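Listed here are the chains, written in short residue letters.
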Amino acid sequence: ADEVSELVAKRHNVKRENVLLGSGSTQILRTCTEVFTSKTSGLVAAIPAYEECASYATLIGHPVTGVKLDASLKMDLDALQAASKGAGLVFFCNPNNPVGTAVNGADTRAYLSTLLKQSPNTTVLVDEAYFEYATMPGYETMIPLAVENPRVVVARTFSKCFGMAGLRIGYAIAHQDTIAKMEAWVSIDAIRIMA
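If you're wondering where the values come from, they're calculated on a predicted model, not measured in any experiment.

Enquirer: How should the nonpolar core be read in this particular structure?
Expert: In terms of nonpolar packing, the biggest core is built from 28 residues, with Met-75, Leu-80, Phe-92, Tyr-111 and Val-124 touching the most fellow members. For this core, the element with the highest residue contribution is helix 5 (residues 105-118), accounting for 4 residues. Every residue in contact with Met-75, bar those within four places of it in the chain, is listed here: Ala-46, Leu-69, Asp-70, Leu-80, Phe-92, Cys-93, Asn-94, Asn-96 and Val-103. In terms of nonpolar packing, the next biggest core, distinct from the first, is built from 20 residues, Leu-29, Val-153, Ala-172 and Ile-179 among them.

Here it is as structure tokens:
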């Protein structure tokens, strides 16, 4: 695992401390939902979007607020902004599975900047599972922002364009303090499973 983490860090020009491996990105999404939501600070996500975070939040009894896509099937950033204030976690699936639309880098950064000022306890999980398939002009990763800002996490997976779904390897890139929080939960969860 350490060798894979080092390779991921090198590929993205980040430090090993900025990387957390998971059993596919599913484990990363569940870990973020567990760590950053609660019964009073729930999950906000566009609808439709990949359902893992919303399903898991519901399973553990944390509230979920869905925000409908706009007429062009893109995330409605104004509506998402309004719904996200006070949330524990915002799931920002970009490109959005299952609709295949994406938000460009400038608009994503503007949304994140405003949200993180208005809602100081909210974390945003940017799911970039389909990053390699994005072709829209201006689309870009949020990895540089995630490394700098402890309230932004980027999730990636080897299950899509790399064709490694059977091996189930995904990863998060985030600020080292955020990775440490997530690692602590993964360790607790592993102990519970083995008990």
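Enquirer: Looking at this structure, I do not really get the environment of Val-44. What am I missing?
Expert: If you trace the backbone, Val-44 turns up in strand 2 (residues 43-47). Judged by relative accessible area, Val-44 falls into the buried class, the value being 2%. Through-space distance from the C-alpha of Val-44 to that of Gly-88 is 8.1 Å; in sequence the pair is 44 residues apart. Discounting chain neighbours no more than four positions away, the residues touching Val-44 are Thr-65, Val-67, Leu-80, Ala-83, Ser-84, Ala-87, Leu-89, Val-90 and Phe-91.

Enquirer: What is the right way to read the pattern of salt bridges from this model?
Expert: Oppositely charged side chains are able to pair whenever their charged atoms sit close together. Under the criterion given, the structure shown has 3 salt bridges. The partner of Arg-30 in a salt bridge is Glu-52, with the nearest N and O atoms 2.6 Å apart. In this pair, Arg-30 is assigned in helix 2 (residues 24-36) and Glu-52 in helix 3 (residues 52-59), connecting sequence segments 22 residues apart. Its relative accessible area of 38% is what places Arg-30 among the partly exposed residues. On the basis of relative accessible area, Glu-52 is assigned to the buried category, the value being 13%.

Each value, and the rule that gives it
- Residues numbered from 1 in each chain as written.
- Predicted model: local features only at pLDDT ≥ 70, side-chain atom pairs only at ≥ 80, totals over all residues.
- Heavy atoms only, no water.
- Core = buried A, V, L, I, M, F, W, Y, C linked by side-chain atoms within 4.5 Å.
- Buried < 20%, exposed > 50% of the residue type's maximum accessible area, 1.4 Å probe, protein only.
- Helix = DSSP H or I, 4+ residues; strand = E, 2+ residues; numbered from the N terminus.
- Contact = heavy atoms within 4.5 Å.
- Salt bridge = Lys/Arg side-chain N within 4 Å of Asp/Glu carboxyl O.

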